[in-house]
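A look at the structure
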Amino acid sequence: MATLSEIAKKVVEIGGTSVVDPIRSVLGKYKTVDENGVFVSLEATDLCSKLFRVEFLTSETLYNSSSIPSTLNNIHGYNANKQSLQITFNTAIIREFLTSIGVENVTSTLIDEFKNLLKDNINTKIFNVNLNPFSENYGIRVGKLFEEYSFDYGTPYSLKEQQSYNLGLTDYYDINSNYNFYEKAFEEAIDNVDERIIPNLYLSQDQITSSFGYKHTRLRISSGFAGPEDLVTSNDFSSGVYFDSWADKIDSLLFPTNVRDYSSYITQATYIGINKNFSFIADTDNNREDFPLYNKIEFTTDSGELGINTILNESDINCSFINTSLKEGLSTISNFFSGTNGILGGETVVNYSIVKNSSISFDENNNPIIQYSYQNNPFIGLELDFQNILSSSIFTGQPPSTGSIPLISYLDPCDDSNTDTFSKNLTYILSKLKINNIANSNFRSYKQIFDGELAQNETLIYIVKKITTSNQVQGFIFLNPLEARNFVYYDTQVKYGQKYKYEVDAYQVVIGTNYIFDNYQDTSNGFDIDCISIPLLKLVQTKYCEKEIVNADSPPIPLDIMFVPYFGINNKISIYMNSQVGRRIEQPIVILEQDQEIFDNNRTNQEIETGPILFESEDPVSLFQIMRLETKPSSYQDFKDSLITNVNVLENSFSNTYLDLVEPNKTYYYIFRTKDVHSNISNPTPVYQLTLRDDGGAVYPEIEVLYNFDVEVEKDAFKAARKYIHLLPSITQTSIEVGEEAESANNLSQLKLGYANDPVWGKQFKVRVRSKSTGKLVDFNVTFTNKEIRE
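Residues numbered from 1 in each chain as written. Predicted model: local features only at pLDDT ≥ 70, side-chain atom pairs only at ≥ 80, totals over all residues. Heavy atoms only, no water.

Comments concerning the overall build of the protein chain
Broken down by element type, the protein chain carries 18 helices and 32 strands. Counting across all 791 residues of the protein chain, residues that qualify as buried make up 48%. Expressed as a percentage of contacts within the protein chain between residues at least 6 apart in sequence, the contacts between residues at least 24 apart total 71%. Here the protein chain displays about 39,800 Å² of accessible surface, and carbon together with sulfur accounts for 47% of that area. (Helix = DSSP H or I, 4+ residues; strand = E, 2+ residues; numbered from the N terminus. Buried < 20%, exposed > 50% of the residue type's maximum accessible area, 1.4 Å probe, protein only. Contact = heavy atoms within 4.5 Å. Areas by Shrake-Rupley, 256 points an atom, 1.4 Å probe, with all protein chains shown as cover.)

Below, the structure is given as structure tokens:
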């Protein structure tokens, strides 16, 4: 069995590592991650952690003076908190512990001996200031600086979850694609260029007055010549030729250069910044509908309860703060991989931020019950010194850059770029004083940390990253817009069919705590010690939400078919095929092997896992597929090897015809499908059963429609006209009169529908419609019937 000395040393080693506070560690006061990646409780559960008892004696505030130890490096002038602690051994628990590990005859003398051994190990391992810091025994000691900024933050629901679970006003995000219309030349032109070259909704319509925005975001060619955005004006929108003109200018500028090399000629900013004009990016005029396609990014922002965000916004240093944060963040990432620190002391770490997750169940009344749990959120993230970034946020009018290419461009002017140096410095001093007051009022004392309270935080910066195949192609960055709780950005710089992953990172300002132990005093049953703490402000990168989407159109609807025989010819029949306009929600029908992948992509685009999908005539039709069998099918899958031809749609048309050769008096079974310009396919038409009869020279077709294959149903001869004709009785005809007053519905003696003198019910009316193009007349006989309420 191990000796008491070995046991005491092991107990101290459990908590006395070089990276954690020994008192909190031994007492189990750290959140730790279990094998499933879930944070365990703050409360101590193991026996060893109860060997010590901590009592907080006194607490006082130390103002910025010589009484604050220099080890805390209080360069920002914070107030400090001093707490006196008394750590004593728990005799009863020590007795129980020693008994549980097999020590026989646990006497008071043995317990005192074990206490002294524990103290010796603590003094040696933890508090001995004379040990070599490079020694393996070097541990936490008096004067060592600790930092603690554990925090949690809420992640939003998707809009679909919010609506499905009827959650009301919860934080949400909604990232989706929108396909408007087909522009052939434009779609082909953007297929091989960098996304940052594609027209931007907010810059393509000459609404930006900032030369800074024009220079960097409108993407001029670096040699000084105008880029395509500058050669195509907003007037082209009104004439409907903007996108054709843009595509034409791309070709003329590049000739004879290959379009794939175009990005090397362009000054491209990686990040698009928004300063304050959030009403502008909301696009209340719906200019986005002028674009063939766009992606929409929308999410609820943090309400900013701490007030640091308000100070930054009111001080008009938005661009300065964003630029410095971006510069420091990228410098930190670069230096992290080269093994050095960032310019302002930031570091890239595997971030184990605590994320508040929720699960939803339902009670007996089908009301949602939300239960929260805390889980770690590991990813490579940034942790930056907030005060250093703030003090370095003196904007010179130029953003950070990589070589000659700007890193960030702004959609709206940066107010702080034109402010003189004196005013900037004054703004910084006033902002710092206000933020210091918030930090002094909200940082946690050591007792609060010990009791498990988490650090307060709020979101300062949001970065929306647009990623393809793990490479970030663009980003949108802005300070938390307090006046716009629902942020929305319409990204028109996207390509058809390209999968994009949008990641939203929220940079939290966290009011953590720096602290040291001081004034160590040995006692007979433990030791006394002071803990002195000051605020620690960190800017920490956290993941807020993410989603993958593909911008694509819906598959088309089936075509309309008409069979036309030839007079006296018994072996030929013309098939007239016309594409239709409309939208339907149907279960997709797989016939050919490649159909499954196409419909799977449609499901992904429409965010539908199973069940029916939307079929809609959005794109021009490319061709019609004709499939034919000579035996009666039992299912659509019987047609998988029956494709007889693909018929291209006539130019500038939506239809075509096909002449099919048949044998007289032989029965054939046809189905037809539509394929659009993006290779989406429609569901098949019903099965047409065709027999071209030759009865002694009299040739005529027999056509039947088989909707359910084994059930023969005549083709529906009716056409819906609700889109064009809508007849309703007036309110005087449909209001209900109850007659005499009654206390309940059971006492009603008479109900009357309408109070007009001349009721319409049961009467016939004639409605005449005249064609504008031919002048022909159609009469409709209409009768209004009442099935629910009778006099």
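Considering the pairing of strand S22 (residues 613-616)
Alternating positions in S22 separate into two faces, Ile613 and Phe615 on one and Leu614 and Glu616 on the other, with burial throughout. As paired strands, strand S21 (residues 583-586) and S22 are joined by four bridges and run antiparallel to one another. From the neighbouring strand, arginine 583 faces S22, where its bridge partner is glutamate 616. (Pairing = 2+ DSSP bridges.)

Concerning the sheet that holds strand S28 (residues 698-706)
Spatial ordering of the open sheet is given by S24-S23-S26-S27-S28, a layout of five strands whose pairing is antiparallel. Two strands in the sheet have a free side with no partner beyond their single neighbour: strand S24 (643-648) and S28. For this sheet, the mean angle separating the axes of adjacent strands, direction not counted, is 25 degrees. Pairing analysis gives four bridges linking strand S26 (residues 667-676) to strand S27 (residues 687-695), with the strands arranged antiparallel. The residue bridging tyrosine 669 from the neighbouring strand is glutamine 689, located in S27. (Axes fitted to C-alpha atoms, helices over the stretch in contact; angles between N-to-C directions.)

Topic: unusual backbone geometry
Of note, the phi angle at asparagine 73 is positive, near 50 degrees, even though the residue is not glycine. A positive phi angle, near 55 degrees, is found at asparagine 105, a position not held by glycine.

Overview of the nonpolar core
Ile281, Phe299, Tyr489 and Tyr502 are the most contacted members of the largest nonpolar core, which has 48 residues in total. For this core, the element with the most residues is helix H10 (residues 242-254), which contributes five residues. Ignoring any residue separated from it by four or fewer positions in sequence, one finds isoleucine 281 in contact with Tyr202, Ile274, Leu411, Phe487, Val488, Tyr489 and Tyr490. By size, the runner-up hydrophobic cluster in this structure holds 42 residues, among which are Ile68, Cys414, Ile461 and Leu539. (Core = buried A, V, L, I, M, F, W, Y, C linked by side-chain atoms within 4.5 Å.)

Section: the pattern of salt bridges
Under the definition given, this model contains 27 salt bridges. Of the charged contacts in the structure, one is a salt bridge between aspartate 530 and lysine 82, with a shortest N-O distance of 3.8 Å. Taken together, the positions of aspartate 530 in strand S18 (residues 526-550) and lysine 82 in strand S2 (residues 80-89) put the pair 448 residues apart, joining distant regions of the chain. Accessibility expressed as a relative area gives 10% for aspartate 530, which makes it buried. (Salt bridge = Lys/Arg side-chain N within 4 Å of Asp/Glu carboxyl O.)

What about the packing of aromatic side chains?
Centre distance and the angle of the planes are the two values used to describe a pair of aromatic rings. Inspection of every chain in the model, using the stated rule, returns 33 aromatic pairs. Note on phenylalanine 146 and tyrosine 515: the rings are 5.2 Å apart at their centroids and 20 degrees apart in plane angle, and the pair reads as stacked. Of the two residues, phenylalanine 146 sits in strand S3 (residues 146-148) while tyrosine 515 sits in strand S17 (residues 499-523), which places them 369 residues apart along the sequence. A relative accessible area of 6% means that phenylalanine 146 is categorised as buried. Between the aromatic rings of phenylalanine 278 and phenylalanine 478, the centroid separation amounts to 5.8 Å while the plane-to-plane angle is 75 degrees, which identifies the pairing as edge-to-face. Remark: phenylalanine 478 occurs in strand S15 (residues 471-479) and phenylalanine 278 occurs in helix H11 (residues 278-281); sequence separation between them is 200 residues. In this structure, phenylalanine 278 and phenylalanine 478 share a single accessibility class: buried. One aromatic cluster is present, formed by Phe56, Phe146, Tyr446, Phe450, Tyr515 and Phe517 through successive ring pairs. (Phe/Tyr/Trp six-rings, centres within 6.5 Å; stacked < 30°, edge-to-face > 60°.)

Side note on the environment of glutamine 456
Residue placement: glutamine 456 occurs in strand S14 (residues 456-468). Owing to a relative accessible area of 38%, glutamine 456 belongs among the partly exposed residues under this scheme. Spatially, the C-alpha atoms of glutamine 456 and tyrosine 149 are 8.7 Å apart, while their sequence positions differ by 307 residues. Residues in contact with glutamine 456, not counting those within four places in the same chain, are Leu306, Asn442, Val509, Val510 and Ile511. Here asparagine 442 takes part through its side chain, which lies 3.0 Å from a polar atom of the side chain of glutamine 456. (Polar contact = N/O pair within 3.5 Å; in protein donor to acceptor, adjacent residues only side chain to side chain.)

A word on the side chain of threonine 674
Within the element layout of this structure, threonine 674 appears in strand S26. Classification of threonine 674 by relative accessible area gives buried; the value is 1%.

Points about the environment of asparagine 440
Take asparagine 440: it is sitting in helix H15 (residues 421-442). In sequence terms asparagine 440 and glycine 77 are 363 residues apart; their C-alpha atoms lie 10.0 Å from each other. Not counting the four nearest positions on each side in its chain, asparagine 440 is found in contact with Tyr78, Asn79 and Pro535. One polar contact links the side chain of asparagine 440 to the main-chain amide nitrogen of asparagine 79, over a distance of 3.0 Å.

Focus on the sheet that holds strand S25 (residues 655-661)
The three strands are arranged S19-S20-S25 in an open sheet whose pairing can be described as antiparallel. For this open sheet the edge positions go to strand S19 (560-565) and S25, each flanked by a neighbour on one side alone. Between one strand axis and the next, the sheet turns through 25 degrees on average, direction left out of account. As judged from the seven bridges shared by strand S20 (residues 572-578) and S25, these two strands associate in the antiparallel manner.

Observations concerning helix H17 (residues 595-606)
Over its twelve residues, H17 runs 16 Å from end to end, which matches the ideal 16 Å to within 8%, given 1.5 Å per residue. Summarising the contacts, the buried residues of H17 are in contact with S18, S22 and S26. At the exit of H17 stands glutamate 607, carrying a positive phi of roughly 55 degrees. (Expected span 1.5 Å × (residues − 1).)

Some points on the pairing of S26
Among the ten residues in S26, eight count as buried, and that is most of the element. Note: strand S23 (residues 621-629) against S26, eight bridges, orientation antiparallel. By the bridge assignment for S26, arginine 628 is matched with tyrosine 670.

Describing the confidence of the model for the protein chain
Across the protein chain, the average pLDDT comes to 77, with 72% of residues at or above 70. Across the protein chain, S26 holds the top mean pLDDT of 96, while helix H7 (residues 211-217) sits lowest at 37. Every residue in residues 26-35 is under pLDDT 50, and counting partners more than four places away or in other chains gives 37 contacts. Below pLDDT 50 for its whole length, residues 128-140 participates in 27 contacts with residues either more than four positions away or in separate chains. (pLDDT = per-residue confidence, 0-100.)

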